[in-house]
Amino acid sequence: MKSIVVLISGRGSNLEAILKARLPVKIAAVVSNNPRAKGLSIAKAHGIETLVLDYKQFAGRAAFDAELASRIAAFKPDLIALAGFMLILGDSFVKRFAGRVINIHPSLLPAFPGLDTHAKALRAGVKIHGCTVHFVTSELDHGPIIVQAAVPVLEADDSETLAARVLEQEHRIYPQAIRWFAENRLVIENQCVRVMGAEAMDRALLSPGVDE
Ligand code: GRF
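None of the values given here were measured: they were computed from a predicted structure.

Trainee: It is not clear to me how the site of the ligand should be interpreted in this structure. Could you clarify?
Mentor: Arg-11, Gly-12, Ser-13, Asn-14, Gly-84, Ile-104, Pro-106 and Glu-170 make up every residue found near the ligand. Note that an oxygen atom of the ligand is positioned 2.8 Å from one of the backbone N or O atoms of Gly-12. Between Glu-170 and the ligand, the recorded distance is 2.7 Å, taken from a side-chain N or O atom to an oxygen atom. Protein chains bury 86% of the 360 Å² of accessible surface belonging to the ligand in isolation. Here the shell around the ligand is composed, by residue class, of two nonpolar, four polar and two charged.

Written out as structure tokens, the structure is:
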């Protein structure tokens, strides 16, 4: 069974979705850079080992990254899943675990990398928004895309209502992506991911809906 380490910084709702999905993986540990992350209690409630590394206690980011990498490596993970981990991982970390780190981002990448994605989507006036699970590379919020889910942007939306609609989809696609990884179904070819044996849905999401 593949082993995974989940990195969090806060609420932990994606972590909870991963745990509830009862995936065929061993969650070796949940690691947080934030001692007050709510997700830590979710992990403990599931009997999962937790580790807190507060970067403020380190001489600098390089020292923090090195310690983070070696503590994570000690769990011998096949996969590292970033689930609301709010620090940007340094190059050496990303290179050390290349092809084994995935992230969930609350937009349809490559649109809206970085923070405040829902406000950015509303400002841009897009009609369809969503979320992306992707492999992590040195470039922030880039990297081969595994799966995306799209939702309509409604006229009455504000950042909160839009975030809630997207989050519901995050909780579907992140466990799904991890399941595919566990089943060895993800193949990266020319910076693109092929999901072996997955059928694309041949249905369009139109927003606003059109009169037929
Ligand atoms: C999610 O919206 C995720 O896409 C982003 O940070 C948020 C984390 O939420 N990277 P949670 O901690 O999983 O509830």
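Trainee: Looking at this model, I keep getting lost on the domain arrangement of the protein. Mind explaining?
Mentor: Size of an interface: often given as the accessible area lost when the parts come together. Per the domain assignment, the segments of the protein are domain 1 (1-97) and domain 2 (106-131 + 145-198). One C-alpha centre belongs to domain 1, the other to domain 2; they are set 21 Å apart. Contact residues are listed per partner, giving 18 residues for domain 1 and 11 residues for domain 2. Both faces combined, the contact of domain 1 with domain 2 buries some 1300 Å², and carbon together with sulfur accounts for 72% of it. Considering only the side of domain 1, the residues that lose the most area to domain 2 are Lys-2, Asn-14 and Leu-23, jointly responsible for 36% of the buried surface there. For the pair domain 1 and domain 2, the number of links is zero salt bridges. Our enumeration of links across domain 1 and domain 2 arrives at four residue pairs in polar contact (both at pLDDT 80 or more). Mapped by element, the contributors of at least two residues to the side of domain 1 that touches domain 2 are β1 (2-8), α1 (13-20) and β4 (79-82). In terms of residue count, the dominant contributor to the side of domain 1 that touches domain 2 is α1 (four residues). By residue class, the composition of the side of domain 1 that touches domain 2 is 12 nonpolar, two polar and four charged.

Trainee: In this structure, what is going on with the packing of α1 against helix α6 (residues 159-182)? I would like to understand it.
Mentor: For any two helices packed against each other, one specifies the inter-axial angle together with the distance between the axes. Interhelical geometry of α1 versus α6 gives an angle of 50 degrees and a closest axis separation of 9 Å. For the element pair α1 / α6, the angle class is oblique. At the point where α1 passes α6, the crossing takes the right-handed sense. When α1 is examined against α6, the residues Ser-13, Asn-14, Ala-17 and Ile-18 are found in contact with a partner set consisting of Leu-167, Glu-170, His-171, Tyr-174, Pro-175 and Ile-178. Residues of the contact of α1 with α6, tallied by class, amount to six nonpolar, three polar and one charged.

Rules of the game
- Residues numbered from 1 in each chain as written.
- Predicted model: local features only at pLDDT ≥ 70, side-chain atom pairs only at ≥ 80, totals over all residues.
- Heavy atoms only, no water.
- Near = heavy atom within 4 Å.
- Polar contact = N/O pair within 3.5 Å; in protein donor to acceptor, adjacent residues only side chain to side chain.
- Areas by Shrake-Rupley, 256 points an atom, 1.4 Å probe, with all protein chains shown as cover.
- Nonpolar A, V, L, I, M, F, W, Y, C, P; charged D, E, K, R; others polar.
- Domains from an automatic or database assignment.
- Contact = heavy atoms within 4.5 Å.
- Buried area = accessible area lost by both parts, 1.4 Å probe.
- Salt bridge = Lys/Arg side-chain N within 4 Å of Asp/Glu carboxyl O.
- Helix = DSSP H or I, 4+ residues; strand = E, 2+ residues; numbered from the N terminus.
- Axes fitted to C-alpha atoms, helices over the stretch in contact; angles between N-to-C directions.
- Parallel < 35°, antiparallel > 145°, perpendicular 65-115°, else oblique.
- Left-handed = near helix turned anticlockwise from the far one by under 90°.

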